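What follows is the residue order along each chain.
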Amino acid sequence: MQFVRAKRTISPLAELYPLPIQFYDQPPSGDISLQEFESLAVERLKLLKSVENIGIGYIRGSEPYNKKLECELRKLKFPYRIFNEEKMDDYEMRRKDHISHFILRLAYCHSEDLRRWFIQQELDLFRFRFGELYDKQQDFLKNNSLEYHAIKEEEKERYLEKMKSSFGQNWKECQVFYKVPFTEVLELVRVRKVFLRGGVAYIPHMEIVIIIQNEFRQRLSKSLALTSRSLPFIQSDERLQPLLNHLSCAYVGQDYSVQKHVGKVSLDQLDGLATKSYPPCMRQLHKALRDHHHLRHGGRMQYGLYLKGIGITLDQALQFWKSEFIKGKVEPDKFDKSYAYNIRHSYGKEGKRTDYTPFSCMKIILSNAPTQGDYHGCPFRHCDPEILKSKLQSYKVPLAGITQIMDLVKGMHYQLACQKYFELTHNIDEVGFSLSHPNQYFIESQKLLSSSRDVKKESSQPESTQRSQGSHSQREVSSRVSKTTSKTESTDIEGINIEELLSEEYME
Ligand code: SF4
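Sequence order as written defines the numbering, with residues in each chain counted from 1. The predicted origin of the model limits local features to residues at a pLDDT of at least 70 and limits the giving and counting of side-chain atom pairs to 80 or more, whereas totals for whole chains, interfaces and linings rest on all residues. Side-chain figures throughout are based on the complete set of non-hydrogen atoms in the structure, without hydrogens or water.

Participant: Can you tell me about the overall build of the protein chain, naming the residues and giving the values?
Facilitator: Helix and strand content of the protein chain: 27 helices and three strands. The rule is simple: take the accessible area with a 1.4 Å probe, protein chains only, and divide by the maximum for that residue type; under 20% is buried, over 50% is exposed, in between is partly exposed. Taking all 508 residues of the protein chain together, 48% fall into the buried category. Taking the contacts inside the protein chain whose residues are at least 6 apart along the sequence as the reference set, 70% of them involve residues at least 24 apart. On the protein chain, roughly 27300 Å² of surface is accessible, and the fraction owed to carbon and sulfur atoms is 51%. Where helices and strands are cited, they refer to DSSP runs of H or I of at least four residues and of E of at least two residues respectively, numbered from the N terminus. Throughout, a residue-residue contact means that at least one pair of heavy atoms, one from each residue, lies within 4.5 Å. Areas reported as accessible are Shrake-Rupley estimates using a 1.4 Å probe. Residue values count occlusion only from the protein chains shown.

And the structure:
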């Protein structure tokens, strides 16, 4: 009897997805049900939202960041690692990753804002997963025709000391070095972390990720632009169109233009609110408006929509801007002709009647950088470090806190710097939320201040009454407001119905 050794068959999925990451160059083929289409899209969106939140809450690439992201990927069953014995489930996860990426491309290609958000989250995800490939990184590069050739031993010996001194403290012993055109590693050149010679950068293997991620970003950005051209065709499909619209709305999370809270803030409260509950970007705009009785277009848009988001009505807005502008050089007539239209426009009462939403941190940080004479933008991103320091001093941020904030700014962690500012100005140890929007900052601040008022009221009641009421709010906020209570005594804001302001619609 003759035994023939069974031929090992490779499943089509294993052939398609040899590694847990890819550049997503080829769209998936085959049929899926609408139900699966939707559930894959929602799962990826969940993952990308988590990537965004982790990126705000932790320093990218740090150990806690990597741990948190790994945990999230594992929980949502997205591939990120190679196993010795790969199972069918692993390939199935890669298939799901492939399809869901392409579905979100359809949903996130039709505006610059959406594209920017999508690219940022996908890039963060890619960077982490590429790091997890370890010794399979070369395979990945080869599969994607990105072969970089290592320099010879002799050349390495010649420049080793120079490479070491270019890297300074970041130097780690490394065996393999590559020579690449310096234009491919501008990030390293910008922070002087690379040895350059004749237009060529010498980089150790661990820095290759910078080149790969640039490649990923370029490819994705190009593909999104191409996908957006096919949108009219996709939007004519009445099954897909509402689903894709819904998905693309989901990225902003909270809609801060919700009109439910309109009229809950009066104009004479604004100065007090600016000091206590505005993030620095809006505090700076409010002050500039009060000082100069004028703001240029970028400032009027950023601040005007924020005010709308905190509940200022159209009539209040017209009154507020007019009263300031006529204190400056603008005649009342000119205001009515030139400026009132734009305010009504931003409230959706003119032109295309679009109800504009307040700007998110991402939008403020990444677009329309301020120039001379502008006050919009994010101070953590756009201010000169010395000006930012003196601004923080004038806001009474303690010296040690300013150093912490400046360190975060230096590392380009602007939202983390703003969270730190929140902690220091509200006298709490940890914010307990991931900051992504100036109106979120306002709401969280008001929530905190109102909770501390409740605690204060309860602690001034007789002990028996406190016990009968169960001190619910005190238990809830005790850790966060314990230090705030004493500070906010003189900063209570009257007249805002915080219960309504903090209804589930605002608080998710
Ligand atoms: Fe404003 Fe966001 Fe910058 Fe804070 S991080 S100052 S909320 S743009």
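Picking up where we left off.
Participant: Give me the nonpolar core: which residues, what numbers.
Facilitator: Ranked by size, the top nonpolar core spans 62 residues in total, and within it F130, F140, I203, I212 and L244 carry the most contacts. Sort the elements by how many residues they give to this core and helix α5 (residues 112–131) lands first, with nine residues. Not counting chain neighbours up to four residues away, the residues in contact with I203 comprise V176, F177, Y178, V180, V185, L188, V194, I208 and I211. Only buried residues count toward a nonpolar core, which is a set of Ala, Val, Leu, Ile, Met, Phe, Trp, Tyr and Cys residues joined through side-chain atoms within 4.5 Å. Counting residues in each nonpolar core, the second largest holds 60 residues, with M282, L307, L318 and A340 among its members.

Participant: Any chance you could break down a nonpolar patch on the surface for me, citing the residues and the numbers?
Facilitator: Patch membership is restricted to residues that have no salt bridge and whose relative accessible area is over 30%. Joining uses 9 Å for like charges and 5 Å for the nonpolar side chains Val, Leu, Ile, Met, Phe, Trp and Tyr. We define a salt bridge as a side-chain nitrogen of Lys or Arg found within 4 Å of a carboxyl oxygen belonging to Asp or Glu. A contiguous nonpolar surface patch, about 250 Å² in accessible area, is contributed by F182, L186 and L196. Its location among the elements puts L196 in strand β2 (residues 195–197).

Participant: So what's going on with the sheet that holds strand β1 (residues 177–181)? Which residues, and what values?
Facilitator: As summarised here, the arrangement of the three strands in space is β1-β3-β2, forming an open sheet in which the pairing is antiparallel. Looking at the sheet topology across the chains shown, the edges are occupied by β1 and β2. Ignoring which end each strand starts from, the neighbouring axes of this sheet average 30° apart. Strand pairing is assigned whenever DSSP identifies at least 2 bridges connecting the two strands. Helix axes are fitted to C-alpha atoms over the stretch in contact, other axes to C-alpha atoms as well, and angles between N-to-C directions run from 0 to 180 degrees.

Participant: So what about helix α14 (residues 297–310)? Which residues, and what values?
Facilitator: Counted at 1.5 Å a residue, the expected span for α14 with its 14 residues is 20 Å, and the 20 Å between its end C-alpha atoms agrees. If you check which residues of α14 are buried, you get G298, G299, R300, Q302, Y303, G304, L305, Y306, L307, K308, G309 and I310. G311 sits one or two positions beyond α14 and adopts a positive phi of about 120°. How far a helix is expected to stretch is found by multiplying one less than its residue total by 1.5 Å.

Participant: Tell me about the site of the ligand, and name the residues and values.
Facilitator: Here a residue is considered near a molecule or strand provided that any single heavy atom belonging to it is located within 4 Å of it. In the neighbourhood of the ligand, the contacting residues comprise P279, P280, C281, C361, I364, C378, P379, F380, Q415, C418, L435 and P438. Cavity and pocket criteria rest on a 1 Å grid covering protein atoms alone: a 1.4 Å probe that fits but cannot get out defines a cavity, protein on both sides within 12 Å along at least 5 of 7 lines defines an open pocket, and an atom within 4 Å of a point defines a lining residue. A pocket or cavity is taken to hold a molecule when more than half of that molecule's atoms are within 2 Å of the pocket's grid points. Among the cavities detected, the one that contains the ligand is the second largest cavity. Note that Gly is not counted as nonpolar here; it falls among the polar residues with everything else outside the nonpolar set of Ala, Val, Leu, Ile, Met, Phe, Trp, Tyr, Cys and Pro and the charged set of Asp, Glu, Lys and Arg. When grouped by side-chain class, the residues that make up the shell around the ligand number eleven nonpolar, one polar and no charged.

Participant: Report on the pattern of salt bridges, specifying residues and quantitative values.
Facilitator: Tallied over the entire structure, the rule returns 31 salt bridges. R296 is the salt-bridge partner of D374, the closest N and O atoms lying 3.5 Å from each other. You can see D374 sitting in the loop between α17 (361–366) and α18 (379–382) and its partner R296 sitting in the loop between α13 (280–292) and α14, a full 78 residues away along the chain. Take R296: its relative accessible area is 40%, and that puts it in the partly exposed class. Salt bridges sharing common partners tie together R44, D97, E122 and R129.

Participant: Describe the packing of aromatic side chains, naming the residues involved and giving the relevant values.
Facilitator: Two rings from Phe, Tyr or Trp (for Trp, the six-membered ring) form a pair when their centres are within 6.5 Å of each other. A pair whose planes differ by under 30 degrees is stacked, one over 60 is edge-to-face, and the rest are tilted. Inspection of every chain in the model, using the stated rule, returns 31 aromatic pairs. Ring geometry for F126 against F130: centres 6.1 Å apart, planes inclined by 15°, an arrangement best described as stacked. Of this pair, F126 and F130 both sit in helix α5, separated by four residues, roughly a single helical turn. Grouping aromatic residues by their ring pairs yields a cluster made of Y278, Y303, Y306, F320, W321, F325, F335, Y339 and F442.

Participant: Help me get a handle on the layout of surface pockets, residues and values and all.
Facilitator: Any empty space left between atoms is shown by rolling a water-sized probe over those atoms. Taken as a whole, the largest pocket encloses approximately 2100 Å³ of empty space. Going through the elements one at a time, α2 (34–57), α3 (63–75), α5, α8 (186–190), α9 (208–229), α17 and α21 (414–426) are the ones with two or more residues in the lining of the largest pocket. Ranked by residue count, the leading element in the lining of the largest pocket is α5, at ten residues. In terms of residue class, the lining of the largest pocket is built from 21 nonpolar, 13 polar and 14 charged. Grid points are joined across faces, edges and corners, and a volume is the space filled by probe spheres set on the points.

Participant: So, empty space enclosed by the protein: which residues are in play, and what are the values?
Facilitator: In total, this model carries four cavities of 30 Å³ or more according to the counting rule given. For the largest cavity, the calculated volume is near 130 Å³. Together, H297, R300, M301, G304, L305, A317, W321, N342, I343, S346 and Y347 line the largest cavity. Elements with a contribution of two residues or more to the lining of the largest cavity: α14, α15 (314–325) and α16 (332–346). Broken down by class, the residue content of the lining of the largest cavity amounts to six nonpolar, four polar and one charged. By volume, the second largest cavity amounts to about 110 Å³. What lines the second largest cavity is a set of 15 residues, and nearest its centre among them are C281, C361, C378, C418 and P438.

Participant: Provide a residue-level description of the pairing of strand β3 (residues 200–204), including the pertinent values.
Facilitator: Along β3, four of the five residues are buried, which leaves the element largely enclosed by surrounding structure. Sheet analysis places β1 next to β3, joined by five bridges and oriented antiparallel. When the bridges of β3 are listed, P181 appears paired with V200. When β2 meets β3, the two strands line up antiparallel, connected through three bridges. Paired with R197 across the two strands is V200, which belongs to β3.

Participant: Lay out unusual backbone geometry in plain terms, naming residues and giving numbers.
Facilitator: At Y24, a residue that is not glycine, the phi angle is positive and equals roughly 55°. Along the chain, Y24 falls in the loop between α1 (12–16) and α2. On the accessibility criterion, Y24 (2% relative accessible area) is buried. Phi is positive for S145, which is not a glycine, with a value near 50°. By the secondary structure assignment, S145 is in the loop between α6 (137–143) and α7 (153–167).

Participant: Summarise the packing of helix α4 (residues 88–107) against α9; cite the residues concerned and give the values.
Facilitator: To characterise two packed helices, one gives the angle between the axes of the helices and the distance between these axes. Remark: α4 packs on α9, axes separated minimally by 9 Å, with the N-to-C direction vectors making an angle of 55°. The pairing of α4 with α9 is recorded here as oblique in orientation. Where α4 crosses over α9, the handedness of that crossing is right-handed. Contacts between α4 and α9 involve H101, R105 and L106 from the first element and L220, S223, L224 and T227 from the second. Among the residues forming the contact of α4 with α9, the class breakdown is three nonpolar, three polar and one charged. Should an angle fall under 35 degrees it is called roughly parallel, over 145 degrees roughly antiparallel, and 65 to 115 degrees roughly perpendicular, with every other angle called oblique. Rotating anticlockwise by less than a right angle from the far helix to the near helix defines a left-handed crossing, while the corresponding clockwise rotation defines a right-handed one.

Worth remembering: the numbers are spatial, not functional.
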